[in-house]
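A closer look at the structure
Each chain, written out:
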Amino acid sequence: MKLSIRADRFIANDKEVCEELYTKFQEIFTLEQEEVPEIRERIVDQEPLEEFEITSGNVRKLLLELDMTEAIGLDGISSWILKEGAVALGLPLSIVYNKSLLTRQLPKIWKTAIEVPIFMKGVRQRALNYWPVFLTCISCKLTEKIARK
């Protein structure tokens with residue numbers, strides 16, 4: 001990829017292109033210097049989570065509803081594999097989800113994302129014409145769907 005820094009200068013080195021995109025994304029997403037509200041600690045009763053169980057049938061249903069065009073996350077597992085293997089994967093994933101609820105911990109890889117620049121419009125060589133998108137593991141997205149229901 002060739003990226004324009006100024007009207008008279010282009011960069012093509014992958015590392016320099018990444019650094020330029022990173023710098024531009026930081027300019028777009030800046031933290032305002034406002035006072036951060038105080039967050040009071042709250043004790044949460046663990047009973048409801050222990051009683052809440054995710055069944056293999058529920059997981060299988062979510063897997064069958066997956067969009068086959070979703071991007072692959074860090075785990076390298078595509079939505080196509082998860083959807084096609086829904087019957088076989090329903091039980092093992094339900095065990096992982098239930099264990100996560102019980103221990104209140106997610107697998108480390110599920111909490112990690114890949115930042116990918118997505119071209120929006122205009123000239124492809126301008127860093128400001130890209131928008132950062134964060135890709136997470138599809139299994140983690142399913143956890144979020146389960147939690148919302």
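Procedures and definitions
- Residues numbered from 1 in each chain as written.
- Predicted model: local features only at pLDDT ≥ 70, side-chain atom pairs only at ≥ 80, totals over all residues.
- Heavy atoms only, no water.
- Helix = DSSP H or I, 4+ residues; strand = E, 2+ residues; numbered from the N terminus.
- Buried < 20%, exposed > 50% of the residue type's maximum accessible area, 1.4 Å probe, protein only.
- Contact = heavy atoms within 4.5 Å.
- Salt bridge = Lys/Arg side-chain N within 4 Å of Asp/Glu carboxyl O.
- Polar contact = N/O pair within 3.5 Å; in protein donor to acceptor, adjacent residues only side chain to side chain.

**Quick word on the overall build of the chain**
From N to C terminus, the chain includes six helices and four strands. The secondary structure elements of the chain, listed N-terminal to C-terminal, are β-β-α-α-α-α-α-β-β-α. Counting only residues that meet the buried cut, the chain has 26% of its 149 residues in that class. Long-range contacts, defined as pairs at least 24 residues apart, comprise 57% of the intrachain contacts of the chain with a sequence gap of at least 6.

**What to know about the pattern of salt bridges**
Where side chains of opposite charge bring their charged atoms close, a pairing between them can arise. Here the structure, examined in full by the defined rule, presents one salt bridge. When the shortest N-O distance is used, the salt bridge between Glu70 and Lys141 registers 3.3 Å. Of this pair, Glu70 sits in the loop between α3 (56-64) and α4 (79-84) while Lys141 sits in helix α6 (residues 138-148), placing them 71 residues apart in sequence. When its relative accessible area of 24% is taken as the criterion, Glu70 is described as partly exposed. The partly exposed category is assigned to Lys141, whose relative accessible area is 24%.

**What to know about α6**
Within α6 the residues assigned to the buried category are Ile138, Ser139, Cys140, Leu142, Thr143 and Ile146. Residues of α6 that are buried make contact with α3, α4 and α5 (86-103).

**Things to note about the environment of Leu74**
Positionally, Leu74 belongs in the loop between α3 and α4. As a C-alpha pair, Leu74 and Ile114 span 40 residues in sequence and 7.0 Å in three-dimensional space. Not counting chain neighbours up to four residues away, the residues in contact with Leu74 comprise Ile109, Thr112, Ala113, Ile114 and Cys137.

**Things to note about the side chain of Asn129**
Structurally, the position occupied by Asn129 is in the loop between β3 (114-119) and β4 (130-135). Within the structure, the side chain of Asn129 is placed 3.4 Å from the backbone oxygen of Lys121, a separation counted as a polar contact. For Asn129, the side chain forms a polar contact with the main-chain oxygen of Val123, separated by 2.7 Å. Those residues within four positions of Asn129 in sequence are excluded, and the remaining contacts are Ile118, Phe119, Met120, Lys121, Gly122 and Val123.

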